[in-house]
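# Residue-level structural notes
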Amino acid sequence: MREFGLFVDGGWRPASGGATYESINPATGEAWALAASASVEDVNEAVEVASRAHRQGVWRGMSGKARGEILNRVADMLIERQDELVLAEVADSGGTFRKGNIADIPAAMQTFQYYAGLAESMEEEVEEEEFVPVPSRNIVRREPLGVVAAIIPFNFPLAAAAWKVAPVLAAGNTLILKPSPFTPATALLLAQLCHDAGVPDGVFNVLTGPGPEIGATLVAHPKVAKVAFTGSSKVGQIVMRDAAATVKPVMLELGGKSANIILEDADLEIAVRGALFGTFFHSGQVCESGTRVLVPRTRHDEFVEMLVEGAKLIRVGDPMDPMTTMGPVINESQLRNIERYVGMGKEQGSRCVFGGGRTEGMDRGYFHDPTIFVDVDNTMDIARQEIFGPVVSIIPFDDEEQAVEIANDNMYGLAGAVWSRDLERATQMARNLETGTVWINDYHLINVRFPFGGYKRSGFGRELGPQGLAEYQQVKHIHVGESSSVDEKYYFGMLLD
């Protein structure tokens, strides 16, 4: 069994009092690692460490080029240690071996490479001359915020950490990262890796542990300058409330109930594969999953038949087996929540045509079959609530106007997709969708160069792209007036003769 401490001030340390907890492998239901369980005391100490590092300027005082070189070293080391990181990611999160190698580690590497480039090229100061109303030299500076608290979920532990850590560090801030208590390992390994690459002591710290006290203390701490949170909309509301006491900005990436729209002229073979991937990737534990598939009524039965046949090809099993394409959900509580929604779907009149229960033959761990519902109305709970599991609702529509209306009739607005051979037609529909990301003839493809974030209760602020860097900077204007006597400044006459 692996053992992990907290990572604070450039090194490992136990939690105060020596408290620990077990990290459970979702595929076996058994502990695979022992992690330190931080207390409020540990939070306060970590904030002091990060605040001191910021005041001393050990990181923000470096040039952007120097910071970028270190971040590029982190990217290289992620690939060098890919095998270790994949094994930890699979054991912690239940994500498949395929997902770890194809998606998780490359995504983290690309994120660090991208923000290394932005750090090296960004202009910290822009200067220009102005003559109205008086001659002056004007400097606009982009400066780091200070101590950033980042809280990430269990579904993509390493990639989610990279989305926060890389831009926070590129902008010159210090950081305290709190991973989900279910998936502490790769965030801690990333911290050690960043330290080995040259990130100074105290700049990047990681606190682990169950219970809400750690996150609540971080959010409310007066020395934390900003909170970046990814998780449920319910907890996001609490984060906003607790941050308001110190009037600190927050960035929220919250839940989703995305609409995946199949138009009449879509290539159904491709669209079906896209719908399967859009819903069942990582057992549906993806905030922007396309869990509402909107299909023309004229093609509904054909589409459903093809979708069911495709679902039969999904291999549910041990995530360490390279042949497995879908692993477990994160824990027993989440598995029961999925079962509850499946029961609600049946009670409210929808019909389950595939799956619908725990996976037979998987006596250990938390496995649920890919599940397909038809006869779904957009008012049903399975069509409105984020289930965060492998459950998809097929909803028919009569025309494109109705499809847009159904898609937008939800409290969330994180993502969506349109499938069509007519790209102009699909693009126009995308413009009408109230959501932060729209894919056309694709799903789940996130490019680090472009912004990601939500509308409505899916949150606000943007990750990735240059917007993701700007989230962790503040802007200062310095006005340099020409030296002259007071009486030459005409506006002083409003007060002085």
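Up top is the structure.
Everything in this summary refers to the structure shown in the same document. Being a predicted model, the structure only gives us computed values, none of them experimental.

Once that is clear, we can look at the overall build of the chain. The number of helices and strands found in the chain is 15 helices and 23 strands. Relative to the compact-globule value of 23 Å for 497 residues, the chain shows a C-alpha radius of gyration of 25 Å, a close match. Projected onto its principal axes, the C-alpha positions of the chain cover 85 × 55 × 40 Å. When burial is assessed residue by residue, the chain has 57% of its 497 residues classed as buried. At a minimum sequence separation of 6, the contacts of the chain that also span at least 24 residues come to 72%. As displayed, the chain offers around 20,700 Å² of accessible surface, 52% of which is attributable to carbon and sulfur atoms.

The full count for this structure, using the stated rule, is 28 salt bridges. As a salt-bridge pair, D104 and K99 come within 2.9 Å of each other at their nearest N and O atoms. Shared partners join several salt bridges into a network, and the residues in it are E125, R141, E143 and K476.

Once that is clear, we can look at the environment of D375. Tracing the sequence through the fold places D375 in the loop between β16 (371–374) and α12 (381–384). Of the residues examined, D375 reaches a relative accessible area of 42% and is grouped as partly exposed. With residues up to four places along the chain from it excluded, the contact list for D375 reads G349, S350, R351, M380 and I394. Side chain to side chain, D375 and R351 meet in a polar contact 3.1 Å long.

Once that is clear, we can look at a nonpolar patch on the surface. Side chains of V126, V140 and V475 sit close together on the surface and give an oily, nonpolar patch of about 230 Å² of accessible area. Structurally, V126 can be placed in strand β6 (residues 125–130). V126 sits in the partly exposed class, given a relative accessible area of 40%.

Judged by pairing direction, the sheet is antiparallel, and its three strands sit side by side in the order β6-β7-β23 without closing on themselves. Each end of this open sheet is capped by a strand with a single partner; those strands are β6 and β23 (473–481). Strand-to-strand twist in this sheet, taken as the mean axis angle between neighbours without regard to direction, amounts to 20°. Judged from the nine bridges that link them, strand β7 (residues 136–144) and β23 form a sheet pairing that is antiparallel. Along β23, the bridge assignment pairs V140 with H477.

We now examine the packing of helix α2 (residues 64–80) against helix α6 (residues 185–197). At a minimum axis separation of 9 Å, α2 and α6 run at an interaxial angle of 130°. Here α2 lies oblique to α6, going by the angle between them. The chirality of how α2 crosses α6 is right-handed. Residues I70, R73, V74, M77 and L78 of α2 lie in contact with α6, whose contacting residues are L190, L193, C194, D196 and A197. Within the contact of α2 with α6, the residues separate by chemical class into eight nonpolar, no polar and two charged.

Right, let's get into empty space enclosed by the protein. A full pass over the atoms with the stated rule returns three cavities of 30 Å³ or more. By volume, the largest cavity is sized at about 90 Å³. Only α13 (400–408), β18 (412–413) and β19 (415–419) provide two or more residues apiece to the lining of the largest cavity. Broken down by class, the residue content of the lining of the largest cavity amounts to six nonpolar, six polar and three charged. In terms of lining residues, the second largest cavity is bounded by G256, G284, V286, C287, S289, T291, E386 and F388. Of the residues belonging to the lining of the second largest cavity, the class tally is three nonpolar, four polar and one charged.

What the rule picks out here adds up to ten aromatic pairs. Ring geometry for Y114 versus Y115: centroids 5.0 Å apart, planes at 80°, classification edge-to-face. Of the residues examined, Y114 reaches a relative accessible area of 16% and is grouped as buried. Look at W163 and F452: their rings are 5.5 Å apart centre to centre, the planes differ by 65°, and that puts the pair in the edge-to-face class. A residue pair is termed long-range when its members are at least 10 positions apart, and W163 in helix α5 (residues 157–170) and F452 in the loop between β20 (437–440) and β21 (455–456) qualify at 289 residues. The burial state of W163 is the same as that of F452; both residues are buried. Sitting over the face of the ring of Y341, R340 holds its NZ or CZ atom 4.7 Å from the ring centroid.

Moving on to the pairing of β6. Pairing of β6 with β7, which is carried by six bridges, proceeds in the antiparallel orientation. Paired with E127 across the two strands is I139, which belongs to β7. If you look at the hairpin formed by β6 and β7, you'll find five residues sitting between the two strands.

Attention now goes to the nonpolar core. One broad rule of soluble globular proteins: the nonpolar side chains tend to lie buried together. Core analysis: the largest hydrophobic core is formed by 67 residues, its most contacted members being L78, F112, Y115, L177, L190 and F204. No other element matches the ten residues that α5 contributes to this core. Those residues in contact with L190, other than ones at most four positions away along the chain, are V74, L78, F112, L158, A161, A162, V165 and F204. Within the second largest apolar cluster, 28 residues are counted, among which are L294, I338, I406 and V418.

Turning our attention to a negative patch on the surface. Together, E128, E129, E130 and E482 make up a region of like negative charge exposed at the surface. Looking at E130, the relative accessible area reads 31%, which means it is partly exposed.

The subject of this paragraph is the sheet that holds β20. In spatial order, the strands read β15-β16-β17-β14-β13-β19-β20; together these seven strands make up an open sheet with mixed pairing. Every interior strand has two partners, whereas the edge strands, β15 (351–354) and β20, have only one. Neighbouring strand axes in the sheet, compared pairwise and without regard to direction, differ in orientation by 25° on average. Where β19 lies against β20, four bridges are found, and the strand directions are parallel. In the strand pairing of β20, G416 is matched with V438. Of the strands in this sheet, β13 (259–262), β19 and β20 touch helix α14 (residues 423–432), which is tilted by about 165° from β20.

Calculation rules
Residues numbered from 1 in each chain as written. Predicted model: local features only at pLDDT ≥ 70, side-chain atom pairs only at ≥ 80, totals over all residues. Heavy atoms only, no water. Helix = DSSP H or I, 4+ residues; strand = E, 2+ residues; numbered from the N terminus. Rg over C-alpha atoms; globule rule 2.2 N^0.38 Å. Buried < 20%, exposed > 50% of the residue type's maximum accessible area, 1.4 Å probe, protein only. Contact = heavy atoms within 4.5 Å. Areas by Shrake-Rupley, 256 points an atom, 1.4 Å probe, with all protein chains shown as cover. Salt bridge = Lys/Arg side-chain N within 4 Å of Asp/Glu carboxyl O. Polar contact = N/O pair within 3.5 Å; in protein donor to acceptor, adjacent residues only side chain to side chain. Patch = residues over 30% accessible without salt bridge, like charges linked within 9 Å, V, L, I, M, F, W, Y side chains within 5 Å. Pairing = 2+ DSSP bridges. Axes fitted to C-alpha atoms, helices over the stretch in contact; angles between N-to-C directions. Parallel < 35°, antiparallel > 145°, perpendicular 65-115°, else oblique. Left-handed = near helix turned anticlockwise from the far one by under 90°. Nonpolar A, V, L, I, M, F, W, Y, C, P; charged D, E, K, R; others polar. 1 Å grid on protein atoms, 1.4 Å probe; cavity = no way out; pocket = protein on both sides within 12 Å on 5 of 7 lines; lining within 4 Å. Points joined across faces, edges and corners; volume = space filled by probe spheres on them. Phe/Tyr/Trp six-rings, centres within 6.5 Å; stacked < 30°, edge-to-face > 60°. Lys NZ or Arg CZ within 6 Å of the ring centre and 35° of its normal. Core = buried A, V, L, I, M, F, W, Y, C linked by side-chain atoms within 4.5 Å. Lys, Arg positive; Asp, Glu negative; His and termini not counted. Charge placed at Lys NZ, Arg CZ, Asp CG, Glu CD.

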